[in-house]
Amino acid sequence: MTDLDWQHEICEAFIAGAVGLGIPRNPDYNGASQPGVGYPSVVSDELKVHGLQNLRVIDASVMPNMPSANTYSATMVIAEKGSDLIRGKAAPAPVALSA
């Protein structure tokens, strides 16, 4: 079995598991939808995949809508937030803006 065959098997198993959880398979659907609770959310607000243990989605697919600008900066923010969540790092305190 080649690496490509192995990757294909993993993807098919993941898709089959997602469909088994009631997550619709829609080839026109781009992304995991808005993080949170409820349909059609695939990931929680902690970027954990609903119904699966120890799996997070930390990439641009968690954006509910693709921005019209370059996605690099937004993806980097998601990656930083995801790494903070994995390490258990607390969110920074809000900064008060002066008027």
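Residues numbered from 1 in each chain as written. Predicted model: local features only at pLDDT ≥ 70, side-chain atom pairs only at ≥ 80, totals over all residues. Heavy atoms only, no water.

Right, let's get into the overall build of the protein. Each helix and strand in the protein was counted, giving 2 helices and 0 strands. Residues counted as buried form 17% of the 99 residues belonging to the protein. Here the analysis covers contacts within the protein between residues at least 6 apart in sequence; of these, 30% occur between residues at least 24 apart. When the accessible surface of the protein is totalled, it reaches about 7800 Å², and 58% of it is carbon and sulfur. (Helix = DSSP H or I, 4+ residues; strand = E, 2+ residues; numbered from the N terminus. Buried < 20%, exposed > 50% of the residue type's maximum accessible area, 1.4 Å probe, protein only. Contact = heavy atoms within 4.5 Å. Areas by Shrake-Rupley, 256 points an atom, 1.4 Å probe, with all protein chains shown as cover.)

Turning to the nonpolar core, a few remarks are in order. With 9 residues, the main nonpolar core is built from Val42, Val43, Leu47, Val49, Val57, Ala60, Val62, Met63 and Ile78. Dropping the residues within four chain positions of it, methionine 63 is found in contact with Thr71, Ala74, Thr75 and Ile78. (Core = buried A, V, L, I, M, F, W, Y, C linked by side-chain atoms within 4.5 Å.)

Among the secondary structure elements, isoleucine 86 is positioned in helix 2 (residues 72–87). Judged by its relative accessible area of 55%, isoleucine 86 falls in the exposed class. The sequence separation of isoleucine 86 and glutamate 46 amounts to 40 residues, and the corresponding C-alpha distance is 9.0 Å.

With that settled, the discussion passes to helix 2. Here helix 2 spans 23 Å end to end across 16 residues, near enough to the 22 Å set by a 1.5 Å rise per residue. For helix 2, the full list of buried residues reads Ile78, Gly82 and Asp84. Buried positions in helix 2, seen along its axis, are confined to an arc of 160° and lie on one side of it. Facing away from the buried side of helix 2 by more than 90 degrees, the exposed set consists of Tyr72, Ser73 and Arg87. (Expected span 1.5 Å × (residues − 1). Arc of directions from axis to C-beta.)

It is worth spelling out the confidence of the model for the protein at this point. On average, residues of the protein score 74 in pLDDT, and 62% of them are at 70 or above. The low-confidence segment residues 26–30 (pLDDT under 50) makes 1 contact with residues lying over four places distant or belonging to another chain. (pLDDT = per-residue confidence, 0-100.)

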